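Next come the chains, spelled out residue by residue.
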Amino acid sequence: MEELIKTLKEQIIEALNLEDMTPEQIGNDDPLFGEGLGLDSIDALELIVILDKHYGIKLNSPAEGKTVFKSINSIADYIRQHRTK
Amino acid sequence: MIRIVSTNITSPLGLTTGENYAAVARGERALQTMDGCLGVPGSFCVGIFPESRRKALRLAGFSWFESLVLRSVREVLSHTVVNPASPRTVFIVGTSTAGVEELGAVPEKDGHYLAPGVAAQKVADALGFAAPALLVSNACISGATAQMLACRLLESGVYDSAVVCGADVLSAFVLAGFQALKALSPVPCRPFDMERLGLNIGECAATVVLTRTADAAGEGWYIVDGCLNNDAWHVSAPIPSGDGVYRAVRNILTPARKASLACVTAHGTATMFNDQMESKAIEQAGLGDIPVTAYKAHFGHTFGASGIVEAIITMCSLDEGVILPAAGFSELGVSGKITLCSARTRTDRTAFIKTQSGFGSCNGAMLYAKHPQASCPPSGPDYAVARRISVTPGSAVLDGRDLPLESSGAALVSELYKKYLSDGSRFFKMDLFSRLAYAAAGLLARNALDGIAPEEVALLFFTQNGSVLADRKHLSTFCEPDAFYPSPAVFINTLPNVVLGELAVTCQVKGETTLVMLPEKDGETMETVIRVTLDATRPKALLCGWVDCTDENTFGAELELRTVK
């Protein structure tokens, strides 16, 4: 789980171009949207690409991702349950 | 007055305005559902020319995009007296992606790719235009932008006639990008409907020939007025209140004009956000009782062509005394109190408003009429250059002062941003072209726009290669057979005008924001476009100039801030 969370944070930092940010700076339960990391609607779509590309999980719309994308922990939980690769 | 003397529509529904209007009036649609369209995995509903028609219509030595533009313009010129060879005739193209279907992920894989402005000049040369070609790239409002630029060049007397072609073609590039944005409807789109699921992409070239006349005595249609602006909300999502469209419509609406309106031909893309926003704008502008129609369910969203093709279809229908229904619509699914046209409706009115909105947070509204009242040509105040900046791979010079920077190349642009701006914007999500334009313009604007209302600030940038680096990067995300992962963030950067939206959002610019793509840097043409834009729109401040970028170490920005003397 620790390994998955670290990898996931690295993938998010790279795909979302979170300049000067390290995995340690993102709390596992920090909200990703609004307060916290302050991600926006395009970032949400980018998270869908990460799930598809690295874990073989297909989400059809940002609406489906709403609860999944709450925090790093919630994404990691979802990946563990649904990953196909 | 600007009179429309001739029109053409080249779409899957026909190769002339007459053929297209007849097809639309019969309720025909260019939309078809395809599996794996253009090699993009998935099932899509698109407004596409069938493969055999594409082959038959493609002209030797020209890309598919260039072929469509050439065919549309050649047809329109065959029935006007306007002479392309006259130095008093200008050719303007409006497009969001031009011939990007010929671009490769790396230069070695390019087909017949030409930078958009170069492609426009090639088509202009083939058609015998004497004056230099112009191309505007303002995403989905490119059609309105191209027509407005033409009107200004004619009103100011720089040219006597203009041939304005809005065009975009369907490509794996665009399809993959919109799929990544989750904006595509798998079924024919349903503008303003409760059950709308998103847009369908279409392809089309549509052309209007415009001339300046002293009065509106002649029969036919006129472009009476228009307004372009930015809602400064988000580069890929319209402002929920519809403020941009509302302000654009309000600016061109007088009580007399309202009384003459037959309908509003909306943008109506059938995405959740666009249609909702437009309904709020139309209601707020006091047009809740005017029939609203939309034609995206006939052609799909044809991007750069949409503003022109949808205006032409409306002119044809009002010529017959009818408003055509918004195909695909049955039950109102927006909260703005507006009157959707759901069945063919008789009218004796002969004016309409065409609205448009696009990526880069830009909006536009134009007023067309058959018997307009004369209006005075604009004359603006005098402007002076208040500040300048130039950025190259080795230096940044602001108002004659060399800014101390340690890096060079692309890193210099990032250093410039980090050291002098760091404004919490989406800077690090941008491609190099956008970063360059953003950092340079951001520095010019800093502390210089205080006391000026956002609506009084405008942006007008010129480029040759625009977003070509982002374009190649986007292609690289889905060109391998087993690795189809287009990135929404990268795709958004492929719209070269998106940086104008980024600037508008951060600096709160709510005036007109336009990107012009030229075949090469040309100071005289740039100055002409800047001057007619200032005369017509009279902002308090304009950030304008040249930005171009071809690789990490080959780029340059030369921007000015002009303010009223």
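Parameters at a glance
Residues numbered from 1 in each chain as written. Chains lettered and ligands numbered in written order. Predicted model: local features only at pLDDT ≥ 70, side-chain atom pairs only at ≥ 80, totals over all residues. Heavy atoms only, no water. Helix = DSSP H or I, 4+ residues; strand = E, 2+ residues; numbered from the N terminus. Rg over C-alpha atoms; globule rule 2.2 N^0.38 Å. Buried < 20%, exposed > 50% of the residue type's maximum accessible area, 1.4 Å probe, protein only. Contact = heavy atoms within 4.5 Å. Lys, Arg positive; Asp, Glu negative; His and termini not counted. Charge placed at Lys NZ, Arg CZ, Asp CG, Glu CD. Buried area = accessible area lost by both parts, 1.4 Å probe. Salt bridge = Lys/Arg side-chain N within 4 Å of Asp/Glu carboxyl O. Nonpolar A, V, L, I, M, F, W, Y, C, P; charged D, E, K, R; others polar. Domains from an automatic or database assignment. Polar contact = N/O pair within 3.5 Å; in protein donor to acceptor, adjacent residues only side chain to side chain. Phe/Tyr/Trp six-rings, centres within 6.5 Å; stacked < 30°, edge-to-face > 60°. pLDDT = per-residue confidence, 0-100. Pairing = 2+ DSSP bridges. Core = buried A, V, L, I, M, F, W, Y, C linked by side-chain atoms within 4.5 Å.

## Some details on the overall build of chain B
- Scanning chain B from N- to C-terminus turns up 17 helices and 23 strands.
- Rg of the C-alpha trace for chain B: 22 Å, near the compact-globule value of 24 Å for 565 residues, within the 12% margin.
- Principal-axis analysis of the C-alpha atoms gives chain B an extent of 70 × 60 × 50 Å.
- Looking at the 565 residues of chain B, the share that counts as buried comes to 65%.
- Within chain B, residue pairs in contact and separated by at least 24 positions form 76% of the contacts whose partners lie at least 6 positions apart.
- Side-chain charges of chain B comprise 47 positive and 56 negative groups, with the mean position of each set lying 3 Å from the other.

## With respect to the interface of chain A and chain B
- Chain A puts 19 residues into the contact, and the matching count from chain B is 16 residues.
- Together, the buried faces of chain A and chain B total about 1400 Å²; carbon and sulfur atoms form 56% of this surface.
- For the pair chain A and chain B, the number of links is four salt bridges.
- In this structure, Glu19(A) and Lys418(B) form a salt bridge, with 3.2 Å as the shortest nitrogen-oxygen distance.
- Ranked by residues supplied to the side of chain A that touches chain B, first place goes to helix α2 (residues 41-55) of chain A with nine residues.
- Grouping the amino acids of the side of chain A that touches chain B by side-chain chemistry returns eight nonpolar, three polar and eight charged.

## Thoughts on the domain arrangement of chain B
All names here are of chain B.
- By the assigned domains, chain B splits into domain 1 (2-370) and domain 2 (383-564).
- A per-residue breakdown of the area domain 1 buries against domain 2 is headed by Arg 152, Phe 173 and Val 235, which together make up 16% of the total.
- Counting the contacts that link domain 1 with domain 2 gives two salt bridges.
- Connecting domain 1 to domain 2 are 14 residue pairs in polar contact (both at pLDDT 80 or more).
- Of all the secondary-structure elements, those providing two or more residues to the side of domain 1 that touches domain 2 are α4 (116-127), β5 (134-136), α5 (142-155), α6 (172-180) and β9 (221-230).

## With respect to the packing of aromatic side chains
Residue and element names in this part refer to chain B.
- Scanning the entire structure with this criterion turns up 14 aromatic pairs over all chains.
- Between Phe 178 and Phe 359, the aromatic rings sit 6.0 Å apart at their centres with planes inclined by 15°, giving stacked as the arrangement. Here the residue Phe 178 occupies a position in helix α6, and Phe 359 occupies one in the loop between β15 (351-358) and β16 (362-369), the gap between them amounting to 181 residues.
- By relative accessible area, which is 7% here, Phe 178 ends up buried.
- For Phe 359, a relative accessible area of 16% gives the class buried.
- Arranged with centres 4.8 Å apart and planes meeting at 10°, the rings of Phe 352 and Tyr 368 form a pair that is stacked. Of this pair, Phe 352 sits in strand β15 while Tyr 368 sits in strand β16; the two residues are 16 residues apart in sequence, bridging distant segments of the chain.
- Residue Tyr 368 is classed as buried on the basis of its relative accessible area of 0%.

## Thoughts on the confidence of the model for chain A
- Mean pLDDT over chain A works out to 91, with 100% of the residues at or above the 70 mark.
- For chain A, the element scoring lowest by mean pLDDT is helix α3 (residues 62-65) of chain A, at 82; helix α4 (residues 72-82) of chain A scores highest, at 95.

## Describing the sheet that holds strand β3 (residues 43-47) of chain B
All names here are of chain B.
- Reading across from one edge, β2-β3-β7 is the order of the three strands in this open sheet, with mixed pairing throughout. The open sheet has two edge strands, β2 (31-35) and β7 (201-202), and neither has a second partner.
- The sheet contact formed by β2 and β3 spans five bridges and is antiparallel. When the sheet's bridge partners are listed, Asp 35 is paired in β3 with Ser 43.

## Quick notes on the environment of Gly36(B)
- Checked against the element boundaries, Gly36(B) lands in the loop between β2 and β3.
- Sequence separation between Gly36(B) and Pro454(B) is 418 residues, and the spatial gap between their C-alpha atoms is 45 Å.

## Re the environment of Asp289(B)
Residue and element names in this part refer to chain B.
- When you line up the elements, Asp 289 lands in the loop between α9 (272-284) and β11 (291-293).
- Relative accessible area serves as the criterion here: at 56%, Asp 289 is assigned to the exposed category.
- Along the sequence, Asp 289 and Pro 496 sit 207 residues apart, while their C-alpha atoms lie 37 Å from each other.
- Ignoring anything within four residues of it in the chain, the contact list for Asp 289 reads Lys 258 and Thr 339.

## Digging into the pattern of salt bridges
Residue and element names in this part refer to chain B.
- Scanning the model with the defined rule gives 31 salt bridges over all chains in all.
- A salt bridge links Asp 275 to Arg 196; the shortest N-O distance between them is 3.8 Å. Taken together, the residues Asp 275 in helix α9 and Arg 196 in the loop between α6 and β7 connect sequence positions 79 residues apart.
- Here Lys 296 and Glu 310 are joined by a salt bridge, their closest N and O atoms 2.9 Å apart. Taken together, the residues span a long stretch of sequence, with Lys 296 in helix α10 (residues 296-299) and Glu 310 in helix α11 (residues 306-319) at a distance of 14 residues.
- Ionic contacts of the salt-bridge type, sharing partners, join the residues Arg 388, Glu 527, Glu 560 and Arg 562 into one network.

## Details of the nonpolar core
Residues and elements named next belong to chain B.
- Ranked by internal contacts, the top residues of the largest apolar core, which has 76 residues, are Val 73, Phe 91, Val 391, Leu 416 and Phe 461.
- Per element, the largest residue contribution to this core is eleven residues, and it comes from helix α13 (residues 432-445).
- Counting only domains with at least three residues in this core, you end up with domain 1 (2-370) and domain 2 (383-564).
- The residues touching Val 73, leaving out its near neighbours within four places in the chain, are Phe 91, Leu 127, Phe 129, Val 163, Cys 165 and Thr 207.
- Among the nonpolar cores identified, the runner-up in size contains 68 residues, and Trp 221, Leu 460, Leu 518 and Val 532 belong to it.

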